[in-house]
Amino acid sequence: MLTMYRFRPRQDPQPRSGYATCSDFCESFVHDSQPLYLLAFLLTGSHPEAEQCFIATVGDAVNANCVFKGWESSWSKRCLIINAIRRVFPGPTESDRKQDAQYEVEVESRARCTINAVAGLAPPIQRFAFVMSVLEKYSEHECALLLGSTPRDVVEARIQALWQLSGFTPAFAGSAG
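Since this is a predicted model, take the numbers as computed values, not measurements. (Residues numbered from 1 in each chain as written. Predicted model: local features only at pLDDT ≥ 70, side-chain atom pairs only at ≥ 80, totals over all residues. Heavy atoms only, no water.)

### Examining the overall build of the protein chain
Piece 1. Each helix and strand counted, the protein chain has seven helices and zero strands in total.
Piece 2. The buried share among the 177 residues of the protein chain stands at 34%.
Piece 3. Long-range contacts, defined here as pairs at least 24 residues apart, represent 68% of the contacts in the protein chain between residues at least 6 apart. (Helix = DSSP H or I, 4+ residues; strand = E, 2+ residues; numbered from the N terminus. Buried < 20%, exposed > 50% of the residue type's maximum accessible area, 1.4 Å probe, protein only. Contact = heavy atoms within 4.5 Å.)

So this is what it looks like as structure tokens:
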């Protein structure tokens, strides 16, 4: 009879104090759902991809068992970025990807234009470099690690994104890369 219970997962009688619980993550997702979805949309440039990325992130974050209390939001954001990277790189060529660069949530029209401009950045490396380093303030080194590139590639992609967003194309932009 004892062997029947041998494979049952061991459960601690009390949750590990200091670590986030599933309930903590659920509260975080309720509070941060709009900013997280916006981040997913900015990174993927597509509503269907953003939705899938968001759903995968909820599953990944809730199943995390080594996140300190109070870090749920940061961990969820990092999981979301990693899921977006997995969805976009490597993937179909840009011509095969459908981008919905139209964010329709109720925001001021100027903000909506900015959101749509960022979501429309192409190629995707420019969008990721801009969103991660400028908007989310990740270091170039951390961006490079997550994207599987070099810090120099991140800097160049961010500069190209800034040029694209400003509408300015320097004469030497075609020779960069």
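### Notes on helix 6 (residues 140-147)
Piece 1. Considered for burial, the residues of helix 6 that qualify are Cys143, Ala144, Leu146 and Leu147. Seen along its axis, helix 6 keeps its buried residues to an arc of 165°; they face one direction. Counted as exposed and oriented over 90 degrees from the buried face of helix 6: His141 and Leu145.
Piece 2. Each element contacted by the buried residues of helix 6 is listed here: helix 3 (72-88), helix 5 (124-135) and helix 7 (151-166). (Arc of directions from axis to C-beta.)

### Some thoughts on helix 5
Piece 1. Compared with an ideal rise of 1.5 Å per residue, which puts twelve residues at 16 Å, helix 5 spans 15 Å between its outermost C-alpha atoms and is within 8% of the ideal.
Piece 2. In terms of residue burial, helix 5 counts as a mostly covered element, since nine of its twelve residues are buried.
Piece 3. Taken as a whole, helix 5 has its buried residues at Pro124, Gln126, Arg127, Phe128, Ala129, Phe130, Val131, Met132 and Ser133. (Expected span 1.5 Å × (residues − 1).)

### Notes on the packing of aromatic side chains
Piece 1. Counted according to the given criterion, the structure contains three aromatic pairs.
Piece 2. Where tyrosine 19 meets phenylalanine 68, the ring centres are 5.3 Å apart and the plane angle is 20°; that geometry is what we call stacked. Here the residue tyrosine 19 occupies a position in the segment before helix 1 (22-44), and phenylalanine 68 occupies one in the loop between helix 2 (47-62) and helix 3, the gap between them amounting to 49 residues.
Piece 3. Residue classification places phenylalanine 68 among the partly exposed positions, given a relative accessible area of 48%. (Phe/Tyr/Trp six-rings, centres within 6.5 Å; stacked < 30°, edge-to-face > 60°.)

### With respect to the packing of helix 3 against helix 6
Piece 1. Relative to each other, helix 3 and helix 6 sit at 50°, their axes nearing to 10 Å. Relative to helix 6, the element helix 3 is oriented oblique. Judged by residue contacts, Arg78, Ile81, Ile82 and Ile85 of helix 3 engage Glu142, Leu146 and Leu147 from helix 6.
Piece 2. Class assignment of the residues belonging to the contact of helix 3 with helix 6 gives a composition of five nonpolar, no polar and two charged. (Axes fitted to C-alpha atoms, helices over the stretch in contact; angles between N-to-C directions. Parallel < 35°, antiparallel > 145°, perpendicular 65-115°, else oblique. Nonpolar A, V, L, I, M, F, W, Y, C, P; charged D, E, K, R; others polar.)

### Notes on the side chain of histidine 47
Piece 1. Structurally, histidine 47 is set in helix 2.
Piece 2. Looking at histidine 47, its side chain comes within polar contact range of the side chain of tyrosine 37, at 2.6 Å. (Polar contact = N/O pair within 3.5 Å; in protein donor to acceptor, adjacent residues only side chain to side chain.)

### Considering the side chain of serine 28
Piece 1. Counting through the fold element by element, serine 28 comes out in helix 1.
Piece 2. Apart from residues lying up to four places away in sequence, serine 28 is in contact with Glu72, Ser73 and Ser76.

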